[in-house]
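# Summary of the model geometry
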Amino acid sequence: MVKAKDKKNISFSITGEDKIPATEMVGAIQHIQNVIYHIGDYLHGTPNRPQGDFPQVVKDQCTLFITNLEIGSVIADMQIGDVQTGLPGLDGTYGERAISLTNEFIGALSDPDVSIDDLHNKIGNPHRVNKILKELHSMWPGTQSKSELTFKIGGNPEKRLNPDQRDVIQSFLHTPLHEYEKEVFGRVIEIRVDEKRKIQIDTPEGPIECHYSSDIEDAVREVIGELVTIRGMMIPSKGKFILSIDDEVSIDNVSQYHLKTMKKDGIDTNLIREVLIDIDFENDYFIASNDDLGLLSAKPKMKQVIEEIQEELAVLWQEYVAVEEDELTASGKSLRKKLILNTGM
């Protein structure tokens with residue numbers, strides 16, 4: 001069993017040469033840091049972007065700091081500067097989960113029988129997987145390399161990066177990104193009626209571009225400015241995925257969002273039972289609420305309003321469920337029961 005204090009730790013060693021180039025050591029640190037940033041960015045629910053820096057919240061919770069460095073054959077010990085605390089029942093903090101997934105990713109790539117689907121099962125975003133693979137491929141020793149690179153991640157057993165697997169990683173980088181089904185909830189905020197026929201949906205994940213066929217143009221026009229659920233295929237296009245629909249039955253007018261997670265310090269915690277959130281849009285603001293639990297938020301963006309509701313739910317959970325019931329008043333005990341009933345946790 002991994003000790004709690006080890007979950008934040010990463011160490012690596014470079015051996016095999018009398019003199020290890022400084023660029024090789026710095027490169028290994030930078031690439032593993034970027035892997036953790038990409039995974040942290042994914043866990044945070046940030047939409048994939050073609051370029052640009054990582055959000056500050058990801059840096060705050062996933063940046064590595066060197067705690068020990070031995071020269072000769074290089075041995076470096078590092079630790080994430082993540083000071084957050086985890087919610088009850090969650091397997092580690094936000095940064096610890098990023099480190100754990102990094103270990104799983106490297107473990108999977110060390111298996112000669114690994115498939116691209118194995119990686120997509122760990123990170124459910126093909127573009128994000130591709131970025132992680134690029135970082136790992138850049139630091140992974142090849143069969144002609146004179147040095148060996150070994151990692152010990154999150155208190156787990158050491159893993160030597162097998163040079164034979166570098167070609168496997170390279171083959172994955174050339175694997176075409178596949179289409180996949182997706183259902184999104186949000187408000188249709190833009191429309192383009194021309195040969196490209198495009199709408200944009202303001203969703204809890206952020207804006208999503210959606211293309212539609214000409215035969216459902218009237219149905220699309222009817223939902224401009226409305227809250228909808230749209231089901232379609234995510235299709236790779238110019239470095240990103242675009243939602244594509246060709247049937248009007250793919251569009252439903254809805255006014256409730258099924259909340260599946262609550263958020264504390266940037267950590268998404270899965271709820272056993274979904275919580276229904278009423279959504280309205282008035283005076284350029286999204287208004288989200290659940291009267292039974294006393295949740296209420298108003299924000300100009302869908303992502304912002306859902307994140308605040310997630311944080312409110314986490315606060316209520318900490319104050320009324322993650323405490324001894326005897327400490328609560330009668331009204332507090334009543335809210336505690338509602339929280340447990342609504343979340344199933």
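Residues numbered from 1 in each chain as written. Predicted model: local features only at pLDDT ≥ 70, side-chain atom pairs only at ≥ 80, totals over all residues. Heavy atoms only, no water.

This part takes up the overall build of the protein chain. Tallying secondary structure elements over the protein chain gives 9 helices and 15 strands in all. Residues classed as buried in the protein chain amount to 46% of the 345 residues present. Restricting to contacts in the protein chain with at least 6 residues of sequence separation, those with at least 24 account for 58%. Here the protein chain has roughly 17600 Å² of accessible surface; of this, 47% comes from carbon and sulfur atoms. (Helix = DSSP H or I, 4+ residues; strand = E, 2+ residues; numbered from the N terminus. Buried < 20%, exposed > 50% of the residue type's maximum accessible area, 1.4 Å probe, protein only. Contact = heavy atoms within 4.5 Å. Areas by Shrake-Rupley, 256 points an atom, 1.4 Å probe, with all protein chains shown as cover.)

Glancing now at the pairing of strand 4 (residues 148–153). As defined by bridge partners, strand 1 (residues 9–15) adjoins strand 4 across 6 bridges and the pair is classed as antiparallel. Looking across to strand 4, one finds that Ser13 is bridged to Thr150. If you look at the hairpin formed by strand 4 and strand 5 (residues 159–160), you'll find 5 residues sitting between the two strands, and Gly154 has a positive phi there, around 60°. (Pairing = 2+ DSSP bridges.)

Right, let's get into the packing of aromatic side chains. Tallied over the full model, the rule gives 4 aromatic pairs. Ring centres of Tyr37 and Phe54 lie 5.0 Å apart, and the angle between their planes is 40°; this geometry places the pair in the tilted category. With a gap of 17 residues between them, Tyr37 in helix 1 (residues 22–43) and Phe54 in the loop between helix 1 and helix 2 (56–62) connect regions that are remote in the sequence. With a relative accessible area of 10%, Tyr37 lands in the buried category. The aromatic ring of Phe281 is capped on one face by Arg187, whose charged end is 3.7 Å from the ring centroid. (Phe/Tyr/Trp six-rings, centres within 6.5 Å; stacked < 30°, edge-to-face > 60°. Lys NZ or Arg CZ within 6 Å of the ring centre and 35° of its normal.)

Turning to helix 1, a few remarks are in order. Counting along an α-helix, one turn takes 3.6 residues, and residues three or four places apart therefore face a common direction. Between its first and last C-alpha, helix 1 extends 32 Å over 22 residues, near the 32 Å set by a 1.5 Å rise per residue. With 16 of 22 residues buried, helix 1 lies mostly within the body of the structure. In the stretch just after helix 1, Gly45 is the one whose phi turns positive, near 80°. (Expected span 1.5 Å × (residues − 1).)

Further remarks concern unusual backbone geometry. Its identity as a non-glycine residue notwithstanding, Asn283 has a phi of 50°, on the positive side. Structurally, Asn283 can be placed in the loop between strand 13 (267–282) and strand 14 (285–290). A residue is classified by how much of its surface remains accessible, and Asn283, at 72% relative accessible area, is exposed. Even without a glycine there, the phi angle at Asp284 is positive, about 70°. Locating Asp284 in the fold gives a position in the loop between strand 13 and strand 14.

Its location among the elements puts Arg336 in helix 9 (residues 330–343). Beyond its immediate chain neighbours, meaning those up to four positions away, Arg336 contacts Tyr320, Val321, Val323, Glu324, Glu325 and Leu328.

This next bit is on a negative patch on the surface. A cluster of acidic side chains, namely Asp215, Asp218, Glu222, Asp246, Asp247 and Glu248, defines a negative patch on the protein surface. As for its placement among the helices and strands, Asp246 is situated in the loop between strand 10 (240–245) and strand 11 (251–253). (Patch = residues over 30% accessible without salt bridge, like charges linked within 9 Å, V, L, I, M, F, W, Y side chains within 5 Å. Salt bridge = Lys/Arg side-chain N within 4 Å of Asp/Glu carboxyl O. Lys, Arg positive; Asp, Glu negative; His and termini not counted. Charge placed at Lys NZ, Arg CZ, Asp CG, Glu CD.)

Examined against the element boundaries, Gln33 turns out to sit in helix 1. Classification of Gln33 as buried rests on a relative accessible area of 8%. Once you skip the residues sitting within four places of it in the chain, Gln33 turns out to touch Cys62, Thr63 and Leu64.

Counting 44 residues, the largest nonpolar core has Phe12 and Leu119 as its most contacted members. The biggest single contributor to this core is helix 1, with 9 residues. Leu227, Phe286, Met302 and Leu313 belong to the second largest nonpolar core, which has 24 residues in total. (Core = buried A, V, L, I, M, F, W, Y, C linked by side-chain atoms within 4.5 Å.)

On inspection of all chains with the given rule, the structure shows 12 salt bridges. Taking the shortest distance from any N to any O, the salt bridge between Lys182 and Glu205 comes out at 3.0 Å. Of this pair, Lys182 sits in strand 6 (residues 180–192) while Glu205 is found in the loop between strand 7 (198–203) and strand 8 (206–212), placing the two residues 23 residues apart along the sequence. With a shortest N-O distance of 3.0 Å, Asp252 and Arg231 are connected by a salt bridge. Here Asp252 is found in strand 11, whereas its partner Arg231 is found in strand 9 (residues 227–237), with 21 residues between them in sequence. The class of Asp252 is partly exposed, set by a relative accessible area of 33%.

In short, the description is geometric, and any link to function would need to be established separately.
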